[in-house]
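Residue strings, one per chain:
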Amino acid sequence: MHKEYFVGQGKKDGQVLRVKEQRKDRWKAYVHDTISGIAELDYTAMEEMAQHLDQLTKPPGSLGRLEKIAVQLAGITGSIKLQKQRKAVVVMAGDHGVCAEGVSAYPQEVTAQMVLNILDGGAAVNVLARQAGASVYCVDVGVKTEVKHERLLSCNVRRGTRNMAREAAMTLEEAYEAISVGIRIVDHLYQQGYRVLATGEMGIGNTTPSAAILSVLGGLPVIEVVGRGTGIDEEKLRHKAAVIERAIEVNQPDRQDAADVLAKVGGLEIAGLVGVILGAASRRCPVVIDGFISSAAALAAARMAPQSVSYMIASHLSEERGHQKMLDCIGLTPVLHVNMRLGEGTGAALLFPIIDSAAAIVNEMATFDGAGISR
Ligand SMILES: Cc1cc2ncn([C@H]3O[C@H](COP(=O)(O)O)[C@@H](O)[C@H]3O)c2cc1C
Ligand SMILES: O=C(O)c1cccnc1
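Residues numbered from 1 in each chain as written. Chains lettered and ligands numbered in written order. Predicted model: local features only at pLDDT ≥ 70, side-chain atom pairs only at ≥ 80, totals over all residues.

This is how the line gets drawn: UniProt positions are given in the numbering used here, feature names are shortened, and annotations may be inferred rather than shown by experiment.
The chain carries the name Nicotinate-nucleotide--dimethylbenzimidazole phosphoribosyltransferase in an unreviewed UniProt entry, which gives Insulibacter thermoxylanivorax as its organism. Under Function (unreviewed entry), UniProt gives the following word-for-word description of the chain: "Catalyzes the synthesis of alpha-ribazole-5'-phosphate from nicotinate mononucleotide (NAMN) and 5,6-dimethylbenzimidazole (DMB)." Recorded under Sequence similarities (unreviewed entry), the UniProt text for the chain is reproduced unchanged: "Belongs to the CobT family."

## A few points about the site of ligand 1
Put simply, the rule reads: We call a residue near a molecule or strand when its C-beta atom, built from the backbone, sits within 6 Å of it. Here a strand is any run of E in DSSP of at least two residues, a helix any run of H or I of at least four, and the numbering for each starts at the N terminus. Only Asp, Glu, Lys and Arg are considered charged, only Ala, Val, Leu, Ile, Met, Phe, Trp, Tyr, Cys and Pro nonpolar, and every remaining residue, Gly among them, polar.
The environment of ligand 1 is made up of 18 residues, and the closest members are Ser104, Thr207, Gly229, Thr230 and Gly343. For the shell around ligand 1, the elements supplying multiple residues, two or more each, are α4 (110-119), β6 (194-202) and α7 (207-218). Residues that form the shell around ligand 1 fall into these classes: 7 nonpolar, 9 polar and 2 charged.

## Description of the UniProt feature "active site" (unreviewed entry) in the chain
Put simply, the rule is: This entry defines residue contacts through backbone-placed C-beta atoms, with two residues in contact when those atoms are within 7 Å.
Those residues carrying the UniProt feature "active site" (unreviewed entry) are Glu344 in this numbering. Looking at the secondary structure, you find Glu344 in the loop between α13 (323-330) and α14 (346-364). Excluding residues within four positions of it along the chain, Glu344 makes contact with Val91, Ala123, Ala124, Val125, Gly200, Glu201 and Met202.

## Section: helix α9 (residues 234-251)
We count it as follows: One fewer than the residue count of a helix, multiplied by 1.5 Å, yields its expected span.
With 18 residues, α9 extends 26 Å between its outermost C-alpha atoms, agreeing within 8% with the 26 Å of an ideal straight helix rising 1.5 Å per residue. Two residues or fewer after α9 comes Gln252, characterised by a positive phi angle close to 45°.

## Considering the site of ligand 2
In the vicinity of ligand 2 lie 13 residues, with Gly291, Phe292, Ser318, Glu320 and Gly343 positioned nearest. When its residues are assigned to classes, the shell around ligand 2 shows 3 nonpolar, 7 polar and 3 charged.

## Quick word on the packing of helix α1 (residues 26-36) against helix α11 (residues 268-282)
Packed helices, taken two at a time, are described by their axes: the angle between them and the distance between them. Going by this rule: Structural elements are reduced to axes, namely lines fitted to C-alpha atoms, with helices fitted over the stretch in contact, and the angle between N-to-C directions of any two is expressed from 0 to 180 degrees. Angle categories: roughly parallel below 35 degrees, roughly antiparallel above 145, roughly perpendicular from 65 to 115, and oblique for all the rest. Each crossing gets its hand from how the near helix is turned against the far one by less than a right angle, where anticlockwise is left-handed and clockwise is right-handed.
Packing of α1 against α11 leaves a shortest axis separation of 8 Å and a crossing angle of 40°. In terms of their interaxial angle, α1 and α11 are classed as oblique. You can see that α1 and α11 cross each other, and the crossing is left-handed. Residues Val31, Thr34 and Ile35 of α1 pack against Leu278, Gly279 and Ser282 of α11.

## Here's the deal with the packing of α7 against helix α10 (residues 258-265)
At their nearest, the axes of α7 and α10 sit 10 Å apart, and the two run at 145° to each other. Where α7 crosses over α10, the handedness of that crossing is right-handed. Residue-level contacts link Pro209, Ala212, Ile213, Val216 and Leu217 of α7 to Ala258, Val261 and Val265 of α10. Of the residues that constitute the contact of α7 with α10, the class distribution is 8 nonpolar, no polar and no charged.

## A look at the pairing of β6
For the record, the criterion: Residues are called buried when their C-beta atom has 20 or more other C-beta atoms within 10 Å, exposed when it has 12 or fewer, and partly exposed otherwise; all C-beta atoms are positioned from the backbone. At least two DSSP bridges between two strands are required for those strands to pair.
The element β6 is largely enclosed, with a buried count of 8 among its 9 residues. Taken together, the 8 bridges between strand β3 (residues 86-94) and β6 define a ladder with parallel strand orientation. When the sheet's bridge partners are listed, Ala88 is paired in β6 with Leu197. Where β6 meets strand β7 (residues 287-289), 2 bridges bridge the pair, whose relative direction is parallel. In the strand pairing of β7, Ala198 is matched with Val288.

What follows is the structure, given as structure tokens:
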């Protein structure tokens, strides 16, 4: 059996990735190969960078998080010569069967409509990425209705998940296939020269599986991690919590097995983002994590491959309840506190200029000795 993935930017430079599905567990093996390719950070380069930062004309540590980012980038790239890199936000799009339970303030068709908006460059993520000189790639990994657009990366695994309040959202094979899509997209972008990646998503209803993932993997009561998403009222919030509790009860996900949790109470775009994160880490690229949904993917990636956490940068703290707890579970500290709660990769795009600034500080600041300044 053949599966064809169209990957590219428009018809001219588009290419088809042909994947032979020889064995049923092919995707799982591919994901695990990627995980075993994730290296430890280069601690020598990190030490060198810390020393370099202390020679620059400023009190030690006074550039705060910029310095921490510089040290992390040195560890990731293995070099203290940081360059301004090509950056891309990968927006994974998917629909959710659980929308049938009434968990979002918006109808499901908004997913496909927003995918077109993103492809036409009119969404918030496009604006913020343009400000940062970054590209946006939108991937259909699980949208319910067929979307046609020449810039769309069509990798649809399934036309939306099943309703997790009644049955498993995906089979394990589907979850691994969606993760594989993310890895393949990163491979493709890496070949195009992108070296900094960010996670984004579009999927009406996706704060519901994200909260479910956090509840199960974090061992936290649903009521502490469920939030208002697109803006539901108090009554709908209680209903959403009950739906998530039912989904966990019906599916009994194994909290020791992140892939099982993703399949049973996750989403196709969330699994796709797990692949983006694992793929970026295996390529030694930093991966900027957006808000609540992206962080659910980061949490699953962290459980599948603990070494991938070193490659993550948490861009911001979302207003969505549960996000701080999600980041705590992963062990990440968000850089920005700007009261956003949109998703799409907006917070991650906003962090790009800060990453470029960290690199510029390292490369352009004078040293105490060079500038003749007393310590
Ligand atoms: C117009 C519009 C644009 C969006 N961009 C991101 N989201 C965000 O809201 C959705 C999650 O919230 P919930 O779980 O409550 O549905 C996701 O699509 C997320 O990306 C949007 C939502 C809407 C309505
Ligand atoms: O933090 C997010 O990513 C988020 C929060 C609410 C709705 N959509 C996305």
